[in-house]
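# Secondary and tertiary structure notes
Listed below are the residues making up each chain.
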Amino acid sequence: MPLEIRKEDKNDFEAVSNLIENAFKNVVFSDHQEQFLVERLRNSDAFVPELALVGILERKIVGYILLTKIVIKANNGVEAESLALAPVAVLQDFQGKGIGGQLIREGHRIATEMGFGSVILLGHEKYYPKFGYQMTSQYGIRLPFDVPPENCMVIELIPGALKDVSGVVVYPKAFFE
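All of the points below concern the structure found in this document. (Residues numbered from 1 in each chain as written. Predicted model: local features only at pLDDT ≥ 70, side-chain atom pairs only at ≥ 80, totals over all residues. Heavy atoms only, no water.)

### Section: the environment of I120
For I120, the location among the structural elements is in strand β5 (residues 118-122). On the accessibility criterion, I120 (0% relative accessible area) is buried. Remark: the alpha-carbon pair of I120 and P87, spanning 33 residues in sequence, is separated by 12 Å. (Helix = DSSP H or I, 4+ residues; strand = E, 2+ residues; numbered from the N terminus. Buried < 20%, exposed > 50% of the residue type's maximum accessible area, 1.4 Å probe, protein only.)

Right, here's the structure in full:
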């Protein structure tokens, strides 16, 4: 049965919260608060409803992805809009079946159609390059906190979107509350 991907709606919130908690339960480098981050982001100016996607198999939500607005601020104060990918979550029983990848590709497709040129994430250095992600350091882009550089990644959705863009990622307050 193929994965159905659609925009999240209010009736999905509880199932999505439970899914995220399940997906990150055994992740070592997690604060196990990702579901609360999603709640805060939904109520922020960074939220883009079209980029909150659920993956459904057999009428059950098994995957979730959220892309929210961020900016990259250059030393000279110039800002470039981008998106943050966080989280990508799949129920543990469904992990390793390509669901996260399908959600990522669909999120990229929709974001590109909406005119967003790039996506930045903090994630597993072996997983995300499969989708075209590269280290942010190759673009002169830094995250505002200390993390291993191999886990800071970016993709250009629109070729050339990051030409002449460098600086520090500015996340919405919701990421830090």
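### Looking at the environment of E156
Position of E156 relative to the elements: it lies in strand β8 (residues 152-156). Only 3.4 Å separates the side chain of E156 from the backbone nitrogen of G160, close enough to count as a polar contact. (Polar contact = N/O pair within 3.5 Å; in protein donor to acceptor, adjacent residues only side chain to side chain.)

### Quick word on helix α3 (residues 99-113)
Taking 1.5 Å per residue as the helical rise, α3 with its 15 residues ought to reach 21 Å, and the 21 Å between its terminal C-alpha atoms agrees with that figure. Here α3 has its buried residues at I99, G100, G101, L103, I104, G107, H108, I110 and A111. Check the buried side of α3 and you find it contacts β1 (4-7), β2 (47-57), β3 (60-73), β4 (79-90), β5 and β8. With its phi angle positive at about 95 degrees, G115 sits one or two positions after the end of α3. (Expected span 1.5 Å × (residues − 1). Contact = heavy atoms within 4.5 Å.)

### Some points on the nonpolar core
Membership of the largest hydrophobic core comes to 58 residues, with the highest contact counts inside it found for Y64, L85, I120 and Y133. Looking at this core, the elements with two or more residues in it are α1 (13-24), α2 (34-42), β2, β3, β4, α3, β5 and β8. (Core = buried A, V, L, I, M, F, W, Y, C linked by side-chain atoms within 4.5 Å.)

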